[in-house]
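# Coordinates in review
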Amino acid sequence: MAKVPKPNELELKYEFPETGWMDTPAVFRPGNFSYPGKAKNLKVVGLPNPREWSPADDDWKLPPDWKKIILEGLRERLDKFRTLKIFMDICVRCGACADKCHFYLGSGDPKNMPVLRAELLRSVYRKEFSLAGRIMGKMVGARDLTEDVIKEWFMYFFQCTECRRCSLFCPYGIDTAEITIIGRELLNLIGCNIDWITGPVANCYQTGNHLGIQPHAFKDMIDFFVDEIEAVNGIRIEPSFNRKGAEVLFVTPSGDVFADPGTYTLMGYMMLFHEIGLDYTWSTYASEGGNFGFFTSHEMMKRLNSKMYAEAKRLGVKYIIGGECGHMWRVINQYMDTVNGPADFLEVPVSPITGTRFDNAASTRMIHIVEFTADLIKNGKLKLDPSRNDNLKVTFHDSCNTARGMGFFDEPRYVIQNVCNNFYEMPPNTIREQTFCCGSGAGLNNDEFMEMRMRGGLPRANAVRYVHEKFGVNTLAAICAIDRAALPTLMNYWVPDVGVCGVHELVGNALVMEGETERTTDLRGEPLPGMEDNENEDI
Amino acid sequence: MGIEHHLRKRREEISRKWFDLLSCTYPEETVRLFKKESNQFANPVGHTFEAAIGEIVEEFLGENRAEALTPLLDKVIRVRAVQSFSPSAALAFVFGLKTIAEEVLEEELAEGEVGIGDLREFERKVEGLGLLAFDVYMRCREDLFTIKIEEIKNNTRRLLERARIIVGE
Amino acid sequence: MGIKFSLAAVFGLVLAAYFGITAGGLYHFFGVSVPYIAFLLFLCGVVFRVLKWARSPVPFRIPTTAGQQKSLPWIEHAKFDNPSTKQQTVVRMALEVLLFRSLFRNTQFEASEGHKLGYQQEKWLWLGSLAFHYCFLVILIRHLRFFMEPVPFFIQGLERLDGIMQVGLPGIYLTDIVFMLAVTFLIVRRFVIPHMRYISLPQDYFPLFLLFAIGATGVLTRYIFKVDLIKVKTLTMGLISFHPVVPAGIGVIFFIHFLLVCTLFAYFPFSKLMHAGGIFLSPTRNVPNDNRIRRYVNPWNYPVKVHTYAEYEDHFREKMVEAGLPVEKELEEAPSVTAEP
């Protein structure tokens, strides 16, 4: 390793290995993998093979019958998921997906082409579940399941953010997210998982939220924001917790409660609910909207998600409102009612202010706060002063899950355009259904994975830089807690002058509340446009 | 003045060769993407490289000011600093300019229009650019470490603040 | 390796038919046994494959949403990119199957871009595959004339339309030309684009070579060797009426063409060519995005271990009471299980 680079090394070409991708093993080095799941966390939720290990080690301490476990797991899933069976069979390797993956665009690693990511699993499927593969082996793209294959799966299934951009362009709708989800399920069967996922899973299961904040501390945090809001506009909000008989249960990702800049978004929710007099309650039991179980297995997703309906039932609320979050909403939109429904103890959501009946949530009975707010604005129920956001030039990042797992595009844009005067779209092939991932989704927003995240987020950052340079955009709004945690970092590296906020932070800034004192600062304590001179007053 | 004058006439060729050299450090099918895909959003890395290389050549053969070169080098190196390159591999492309200059000026060198001394002088300039690139690379890596720490703090900032208030009071 | 192997396989087939007929005189085998076996394999294979897929349930409704969801009444709903009803889903599927909507999506952007063409390669992919599939369909329909007596009017009409250029004798069909071009394009892109070469497997090359060979021998049969079509029709009509006869004097080129076609049919159900059927079953496309409106039932949904509220309260009761949070059981009623700090 430690040799002096010679000038002629410049001529060295980084060519394809002659042997093809199957014989190119995964190399783990700092920055390209996430730390493994800790034994204690695996035990909390009963995940198999808890142990101390590292992907960089040669010996992964797999259970002795790991091969049998994986193959039986694969067989079971082939019988349970038509998606998997079809996706294993029908890919024609047309290459349309190849350059759609943000990790591929940012890293150039061929195994990040969605087609190859799926081939990692498909090659084993062919060997074990097809006659041709058994007889002809590599000739037909089949290979044996070895420990090296497991290592490769671990590397690349935890290098996919399940954003589904490739699925959009696939002529057969092959969904790499589905393959990654099932690939991770298989890896979990032999205890190969990452700490950034198993930690939050264990915390969420036991304590109710990802950080493992206990009930009294959770209440304390919300109370803290009551003070913060009072400091901004003199209004004292009185939130309630675990209150039976409230009309609405409100659930948001816990990132909004603990991590900046999500906290400002949270203040926005609280101000909005107070202003319209919504009869709602927080829950300390269901204090997490996010669901890292979804990044572990379908079963774990169900186990964690169960709290929302269970708590709604116990408290006897009429319906649930969910905060701004990406994968939380994919789970709610595409899985919750199926796994934990029917929600027959709830009612079809009706906005108490506008009387609008949300028939699009007739069965799930949970609505997105942004659709709720959009309806309020449309009906003229909010007094808004968008000029308070005049110092911001805003663009909107569509989060992958709400984009391609829901189709939630115009509601947030409507809200933003009513609370801000300066809104600019990024180029069309980087937004809406074609949106680029932040590069940190699906449980990959850990700091040891930073280099990969910066690579994966490059396509997104590149589009932001474009509007930053062209229109002077300085604010990137998003309706996802992982975005709010990951995008500031991404922006710091690639486009340092752009900040990140949630949509309801902008709402909170613009909302004119009854009985408020004169506002001089925004929710971040920074002077409002035109108020810069008043800064000498204390905060 | 001599050698730069000749090189400036060939700056497009130099840029192209330099971009090719930079691309060579990526797998073949990725190179295709870098070169063929002209949409800047579908091809962020290739587009960034192509644009920045041209600008660096322009400045380097022109006024060669460190403060102008730094942000231009940053565009390329910021990408390479987060890809799987060792620091030496990430920056080797800079020194490729020496070889490229020699290639491009083959005729002039043969005919004696450009002397060996001129070439040596130019090579020293490239070395200066290399040192500058090293500074830029380090800053990118430092940024990376800083944002890591920032992020860890940020994830629990409110908790810490709250805790401090409780302890402080 | 994959290329050579696939090429060798196709050559092997050609040689087998050639020597089988010329040297072996296996007219009955290549004219009767092979097509029956191939057709049987095709039929059973396809049915088996589809049933095998259908046997696995669809536990979750996970369409890839490609447009605005059905939401508040004043928000415009992208009905066919994000369908909320069965009818809208049918339209989405039709766009997908008939026009390759998802592949076309690649080409949307650069139309408004003006200057340089982005996504060039994918635009060609869309065009190439669309041309290929439609020509294949027309050619298939044209060939029905060998299995019907009298030849129905629509086939005759189609032939007239297809031969509209009226060049040469017999007249050249447009679809023959386009088909050959499209197949060539699909082969060439696998050769020249590095990432295509990197991901391609023998089973990607083989069908393309096979189709190319089928097209080429078909062209030879019709335009160069001018095989006696009356005799061919006697053979084919015999096959479908289950009274097979092999008339003497059909050129060997026909048997080569025929064997290759039979191979395609026999190979079809066991290969990626089944994408033709798979697309109809693909759960990211063939269901509406209506999960919040209508409950979707997972046939194997099973109870899981959850952390109940009661367990949670038992764990944290003391702290909750202290913080003034409401509890179901007061401290004195509950057995003292307190949380570790």
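Residues numbered from 1 in each chain as written. Chains lettered and ligands numbered in written order. Predicted model: local features only at pLDDT ≥ 70, side-chain atom pairs only at ≥ 80, totals over all residues. Heavy atoms only, no water.

## Focus: the overall build of chain A
Along chain A, the regular secondary structure elements total 21 helices and 7 strands. Over its C-alpha trace chain A gives a radius of gyration of 24 Å, about what one expects of a compact globule, namely 24 Å for 539 residues. In chain A, buried positions account for 73% of the 539 residues. The centroid of the 59 positive side-chain charges in chain A is displaced by 8 Å from the centroid of its 72 negative side-chain charges. (Helix = DSSP H or I, 4+ residues; strand = E, 2+ residues; numbered from the N terminus. Rg over C-alpha atoms; globule rule 2.2 N^0.38 Å. Buried < 20%, exposed > 50% of the residue type's maximum accessible area, 1.4 Å probe, protein only. Lys, Arg positive; Asp, Glu negative; His and termini not counted. Charge placed at Lys NZ, Arg CZ, Asp CG, Glu CD.)

## So, the overall build of chain B
The helix and strand inventory of chain B stands at 9 helices and 0 strands. Sequence-ordered secondary structure for chain B, helices as α and strands as β, is α-α-α-α-α-α-α-α-α. The C-alpha atoms of chain B give a radius of gyration of 21 Å, which is well past the 15 Å a tight globule of 169 residues would have. In chain B, buried positions account for 50% of the 169 residues. A separation threshold of at least 6 residues defines the contact pool for chain B, and within that pool the share at least 24 residues apart is 74%. Looking at chain B as shown, the accessible area adds up to about 7,900 Å², and 54% of this sits on carbon and sulfur atoms. (Contact = heavy atoms within 4.5 Å. Areas by Shrake-Rupley, 256 points an atom, 1.4 Å probe, with all protein chains shown as cover.)

## Focus on the interface of chain C and chain A
The figure often quoted for interface size is the accessible area lost as the parts come together. Each partner contributes to the interface: chain C provides 88 residues, whereas chain A provides 108 residues. Between chain C and chain A the total buried area reaches about 8,500 Å² when both faces are included, carbon and sulfur atoms providing 57% of it. There are 6 salt bridges connecting chain C and chain A. Two residues, E371 of chain A and R292 of chain C, come together in a salt bridge whose shortest N-O distance is 2.8 Å. Along the contact surface separating chain C from chain A lie 66 residue pairs in polar contact (both at pLDDT 80 or more). Among the elements that take part in the side of chain C that touches chain A, helix α14 (residues 309-322) of chain C stands out by supplying 6 residues, more than any other. (Buried area = accessible area lost by both parts, 1.4 Å probe. Salt bridge = Lys/Arg side-chain N within 4 Å of Asp/Glu carboxyl O. Polar contact = N/O pair within 3.5 Å; in protein donor to acceptor, adjacent residues only side chain to side chain.)

## Structural notes on the packing of aromatic side chains
Tallied over the entire structure, the rule returns 53 aromatic pairs over all chains. Aromatic side chains F191 of chain C and Y205 of chain C sit 6.1 Å apart centroid to centroid with 40° between the ring planes, which places their arrangement in the tilted category. Placement of F191 of chain C in helix α8 (residues 174-192) and of Y205 of chain C in helix α10 (residues 202-224) is noted, with a sequence separation of 14 residues between them. Using a relative accessible area of 4% as the deciding quantity, one classes Y205 of chain C as buried. Through a chain of ring-to-ring contacts, three or more aromatic side chains come together here, namely F81, F292, F294, F295 and Y335 of chain A together with F60, W300 and Y302 of chain C. (Phe/Tyr/Trp six-rings, centres within 6.5 Å; stacked < 30°, edge-to-face > 60°.)

## Examining the domain arrangement of chain A
Residue and element names in this part refer to chain A. Assigned domains of chain A: these are domain 1 (15-193) and domain 2 (201-510). Relative to domain 2, the C-alpha centre of domain 1 lies at a distance of 31 Å. At the interface, 35 residues of domain 1 touch 37 residues of domain 2. Here domain 1 meets domain 2 over a buried area of about 3,000 Å², counting both sides, of which 61% is carbon and sulfur. Taken together, the links from domain 1 to domain 2 amount to 1 salt bridge. Across the contact surface, domain 1 and domain 2 share 10 residue pairs in polar contact (both at pLDDT 80 or more). (Domains from an automatic or database assignment.)

## Describing a nonpolar patch on the surface
All names here are of chain C. Judged by side-chain polarity, L161, I164, M165, V167, L174, I177, V178 and L181 come together as a nonpolar surface patch covering roughly 690 Å² of accessible area. Sorting elements by how many residues they give to the nonpolar patch places α8 first, with 4 residues. As for its placement among the helices and strands, I177 is situated in helix α8. (Patch = residues over 30% accessible without salt bridge, like charges linked within 9 Å, V, L, I, M, F, W, Y side chains within 5 Å.)

## Notes on the pattern of salt bridges
All names here are of chain C. Under the defined criterion, the tally for this structure stands at 65 salt bridges over all chains. Residues D162 and R142 are paired through a salt bridge, measuring 2.8 Å at the closest nitrogen-oxygen approach. In this pair, D162 is assigned in helix α7 (residues 153-162) and R142 in helix α6 (residues 120-143), connecting sequence segments 20 residues apart. Given the relative accessible area of 6%, R142 is considered buried. When the shortest N-O distance is used, the salt bridge between R317 and D314 registers 2.8 Å.

## Side note on the nonpolar core
General note: in soluble globular proteins, nonpolar side chains tend to be found buried as a group. Grouped together as the largest cluster of nonpolar side chains are 212 residues, with contacts concentrated most on I150, W153 and W494 of chain A together with W18 of chain B. With 11 residues, the single largest contributor to this core is helix α8 (residues 116-155) of chain B. Excluding its chain neighbours within four sequence positions, the residues that come into contact with W494 of chain A are M454, L458, A461 and R465 of chain A together with R78, V79 and V82 of chain B. Counting residues in each nonpolar core, the second largest holds 86 residues, with I213, F358, A477 and C501 of chain A among its members. (Core = buried A, V, L, I, M, F, W, Y, C linked by side-chain atoms within 4.5 Å.)

## So, α14 of chain C
Compared with an ideal rise of 1.5 Å per residue, which puts 14 residues at 20 Å, α14 of chain C spans 18 Å between its outermost C-alpha atoms and is within 8% of the ideal. At F316 of chain C, α14 of chain C shows its largest bend, some 75°. Of the surrounding elements, those touching the buried residues of α14 of chain C are α10 (195-207), α11 (215-233) and α14 (298-315) of chain A. (Expected span 1.5 Å × (residues − 1). Bend = angle between axes of the 7 residues up to and from the residue.)

## Describing the environment of V248 of chain A
Residues and elements named next belong to chain A. The residue V248 is located in strand β1 (residues 248-251) in this model. Measuring from C-alpha to C-alpha, the distance between V248 and W282 comes to 8.9 Å, with 34 residues separating the pair along the chain. The residues touching V248, leaving out its near neighbours within four places in the chain, are L278, D279, Y280, T281, V317, Y319 and I321.

## Observations regarding the side chain of R61 of chain C
With respect to the element layout, R61 of chain C can be found in the loop between α2 (27-55) and α3 (86-99). At 2.8 Å, the side chain of R61 of chain C forms a polar contact with the side chain of D290 of chain C. Every residue in contact with R61 of chain C, bar those within four places of it in the chain, is listed here: Q334 of chain A together with V287, P288, D290, N291 and Y296 of chain C.

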